[in-house]
Every structure is written in structure tokens, then in C-alpha cells.
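Per-entry structural report
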Amino acid sequence: MTKRILGVFTDGDLRRALDRQMDVHATVMSAVMTEHAKTIGPRELAAEAVHLMEMHRITALPVSDANGRLVGALNVHDLLRAGVV
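Now for a description of the structure that goes with this document.

Rules used throughout
Starting from 1, residues in each chain are numbered consecutively following that chain's sequence as written. In keeping with the predicted nature of the model, local features appear solely for residues at pLDDT of at least 70, side-chain atom pairs appear and are counted solely at 80 or more, and the whole-chain, interface and lining totals rest on all residues. As a convention, hydrogens and water are excluded, and side-chain values are obtained from all of the structure's heavy atoms. Any Lys or Arg side-chain nitrogen located within 4 Å of an Asp or Glu carboxyl oxygen qualifies as a salt bridge. Between buried and exposed lies partly exposed: a residue is buried under 20% and exposed over 50% of the maximum accessible area for its type, with that area taken using a 1.4 Å probe on protein chains only. Only DSSP runs of H or I reaching four residues or more are called helices, and only runs of E reaching two or more are called strands; each is numbered from the N terminus. Note: the arc covers the axis-to-C-beta directions of the helix. Residue contacts are counted whenever heavy atoms from the two residues lie within 4.5 Å of one another. What is meant by a nonpolar core is a set of buried Ala, Val, Leu, Ile, Met, Phe, Trp, Tyr and Cys residues, joined one to another through side-chain atoms within 4.5 Å. Should DSSP find at least two bridges between two strands, the strands are taken to pair.

1. What to know about the pattern of salt bridges
- Under the criterion given, the structure shown has 4 salt bridges.
- The residue Arg-69 makes a salt bridge to Asp-65 at a minimum N-O spacing of 3.0 Å.
- Taking the relative accessible area as the measure of exposure, Arg-69 reaches 39% and is therefore partly exposed.
- Residue Arg-81 pairs with Asp-78 through a salt bridge whose shortest N-O separation is 2.7 Å. Taken together, the positions of Arg-81 and Asp-78, both in helix H3 (residues 76-81) and 3 residues apart, correspond to about one turn of that helix.
- Assessed through its relative accessible area of 64%, Arg-81 is described here as exposed.

Next up, the structure:
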């Protein structure tokens, strides 16, 4: 079994599912998640995270290693608390 990020489920994905009147209690995640999510490596600079978030108009980034395995998550609030933004 490969342990790598397959996608993310964001508040935007939830809003789109609700707008399409999908039954979120009976819908599988693969039907509503964003595949091929933007990610950042654990050794990247915080400034790169800000750049990616601004460029792609997103507020969160999964942090993945070189093999695509999830090692953490970064949210815009984390960057604000750290004084990066």
C-alpha cells in the first residue's frame, strides 16, 4: 500500500458539494476532494508557502516529503501567528 497524499478536502470543496446538493452523508471523499493538491516540502521557506497560497488562492498546504507522504499541514493562520504574513 502506497502512503501518499491523494488529495485534500477544503471548505471550498464542501461548499461546491453543497451547491450541487450532494448528500455529504452518503458521498465518498474521492467524489468531492481536490486531487493533485498543491503541497510544500518541509525544508521550503515560509515565504514560498505564502507565494504558493497567494498564487493559487488557497489558505492551506499539506506538507509532504520527497515520496509524497504527508508529514504535516500548514495553514495561513500558522503563517500569521509566526509573523510571516
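From this point on, the discussion continues.
2. Brief notes about helix H2 (residues 46-56)
- Regarding H2, the residues found buried are Ala-49, Val-50, Leu-52 and Met-53. Considered in projection along H2, the buried side chains sweep an arc of 165 degrees and stay on one side of the axis. Away from its buried face by more than 90 degrees, H2 exposes Ala-47 and Glu-54.
- Buried residues belonging to H2 abut strand E3 (60-64), strand E4 (70-75) and H3.
- In the stretch just after H2, Arg-57 is the one whose phi turns positive, near 55 degrees.

3. Concerning the nonpolar core
- With 8 residues, the main nonpolar core is built from Ile-40, Ala-49, Val-50, Leu-52, Met-53, Leu-61, Val-63 and Leu-79.
- Contributions of two or more residues to this core are made by H2 and E3.
- Broken down by element, this core gets its largest block of residues, 4 residues, from H2.
- If near-sequence neighbours (up to four positions away) are discounted, Leu-52 is found in contact with Thr-39, Ile-40, Ile-58 and Leu-61.

4. Describing the pairing of E3
- When you tally the buried positions in E3, you get 4 out of 5 residues, the bulk of the element.
- Bridge count for E3 against E4 is 5 bridges, and the pairing is antiparallel. Bridging across to E4, Pro-62 finds its partner in Ala-73.
- What sits between E3 and E4 in their antiparallel hairpin is a turn of 5 residues, with Gly-68 showing a positive phi close to 80 degrees.

Without other data, these values stay purely geometric and don't point to any function.
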